[in-house]
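Structural overview
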Amino acid sequence: MNDCIFCKIIKGEIPKDFIYEDEKVVVFADIKPSAPVHLLIIPKKHIAKLQDLGDNNKELLGHILLTANKVAEMKNIKKGFKIVINCGPDGGQKVPHLHVHLLGGWRGGVK
Ligand code: AMP
Ligand code: ZN
């Protein structure tokens, strides 16, 4: 996708510090954080939204969630965090490239 901002970040066309990267995903900080720790976990493959995934994507979906665990550990928030996926425009999704929000770092629980 030529005009996808997350594809541009993945390709390095827009500079961004990756907190984590492997062959399937990248993780970076949300530009407008809604929590003390707010990261985005993004598949390298352009997939517009969760609804576009099927049975053949089970491994990728598992990988994304297990990456959340890994990155939560790296960020010292594994005790408790929140995962949000906005699914399609009606679900509040603004960037049409699948991404998982990882939110945490509240002291003493979610405010
Ligand atoms: P959503 O509403 O689920 O599509 O969330 C998109 C998220 O991407 C928002 O929380 C934005 O703050 C974040 N975002 C948009 N552009 C960038 C960017 N260039 N770098 C980091 N985060 C971004
Ligand atoms: Zn994309």
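The structure presented is a predicted model; accordingly, all values stated were derived computationally and were not measured.

What follows deals with the coordination of the zinc ion (ligand 2). At the metal site, the zinc ion (ligand 2) is ligated by Cys-4 (SG), Cys-7 (SG), His-46 (ND1) and His-97 (ND1), and these contacts range over 2.0 to 2.3 Å. Here the zinc ion (ligand 2) binds four donor atoms, and the angle range of 103 to 117° at the metal identifies the geometry as tetrahedral. In the primary structure, the donors to the zinc ion (ligand 2) are separated according to the pattern C-x2-C-x38-H-x50-H. A residue pair is termed long-range when its members are at least 10 positions apart, and Cys-4 in the segment before helix 1 (5-11) and His-46 in the loop between strand 3 (37-43) and helix 2 (58-74) qualify at 42 residues. On the accessibility criterion, His-46 (25% relative accessible area) is partly exposed.

Once that is clear, we can look at the site of ligand 1. The environment of ligand 1 is formed by 17 residues, the closest being Lys-16, Asp-30, Asn-86, Lys-94 and His-99. In this structure, Lys-94 approaches ligand 1 through a main-chain N or O atom, which is 2.6 Å from an oxygen atom. One of the backbone nitrogen or oxygen atoms of Val-95 is found 2.9 Å away from an oxygen atom of ligand 1. Among the secondary structure elements, those contributing two or more residues to the shell around ligand 1 are helix 1 and strand 2 (25-29). Sort the elements by how many residues they give to the shell around ligand 1 and helix 1 lands first, with three residues. Residue classes in the shell around ligand 1 are distributed as eight nonpolar, five polar and four charged.

Phi is positive for Asn-76, which is not a glycine, with a value near 65°. One can find Asn-76 in the loop between helix 2 and strand 4 (81-84). The exposed category is assigned to Asn-76, whose relative accessible area is 73%.

So, on to helix 2. Taking 1.5 Å of rise per residue, 17 residues should cover 24 Å, and helix 2 covers 24 Å from first to last C-alpha, within 8% of that figure. Restricting attention to buried positions, one finds in helix 2 the residues Leu-60, His-63, Ile-64, Thr-67, Ala-68, Val-71 and Ala-72. In the stretch just after helix 2, Asn-76 is the one whose phi turns positive, near 65°.

Here the focus is the nonpolar core. Generally speaking, nonpolar side chains in soluble globular proteins are found buried as a group. Within the largest apolar cluster, 17 residues are counted, with the highest numbers of intra-cluster contacts made by Val-27, Leu-39, Ile-41, Ile-64 and Val-71. The dominant element in this core, judged by the number of residues it contributes, is helix 2, at five residues. The contact partners of Val-71, leaving out residues within four places of it in the chain, are Ile-19, Tyr-20, Val-27, Leu-39 and Leu-102. In this structure, Cys-7, Ile-9, Ile-10 and Ile-42 belong to the second largest nonpolar core, which totals nine residues.

Here the focus is the packing of aromatic side chains. One pair of aromatic rings is described through two measures. These are the centre distance and the angle between the planes. On inspection of all chains with the given rule, the structure shows two aromatic pairs. Between Phe-6 and Phe-28, the ring centres sit 5.8 Å apart and the planes meet at 80°, which makes this aromatic pair edge-to-face. With a gap of 22 residues between them, Phe-6 in helix 1 and Phe-28 in strand 2 connect regions that are remote in the sequence. Accessibility expressed as a relative area gives 7% for Phe-6, which makes it buried. Joined through ring pairs, the aromatic side chains of Phe-6, Phe-18 and Phe-28 make up one cluster.

What counts and how
Residues numbered from 1 in each chain as written. Chains lettered and ligands numbered in written order. Predicted model: local features only at pLDDT ≥ 70, side-chain atom pairs only at ≥ 80, totals over all residues. Heavy atoms only, no water. Donors = N, O, S within 2.8 Å, 3.2 Å for Na, K, Ca; no water. Tetrahedral: all angles 85-135°; square planar, octahedral: opposite > 155°, others 65-115°. Helix = DSSP H or I, 4+ residues; strand = E, 2+ residues; numbered from the N terminus. Buried < 20%, exposed > 50% of the residue type's maximum accessible area, 1.4 Å probe, protein only. Near = heavy atom within 4 Å. Polar contact = N/O pair within 3.5 Å; in protein donor to acceptor, adjacent residues only side chain to side chain. Nonpolar A, V, L, I, M, F, W, Y, C, P; charged D, E, K, R; others polar. Expected span 1.5 Å × (residues − 1). Core = buried A, V, L, I, M, F, W, Y, C linked by side-chain atoms within 4.5 Å. Contact = heavy atoms within 4.5 Å. Phe/Tyr/Trp six-rings, centres within 6.5 Å; stacked < 30°, edge-to-face > 60°.

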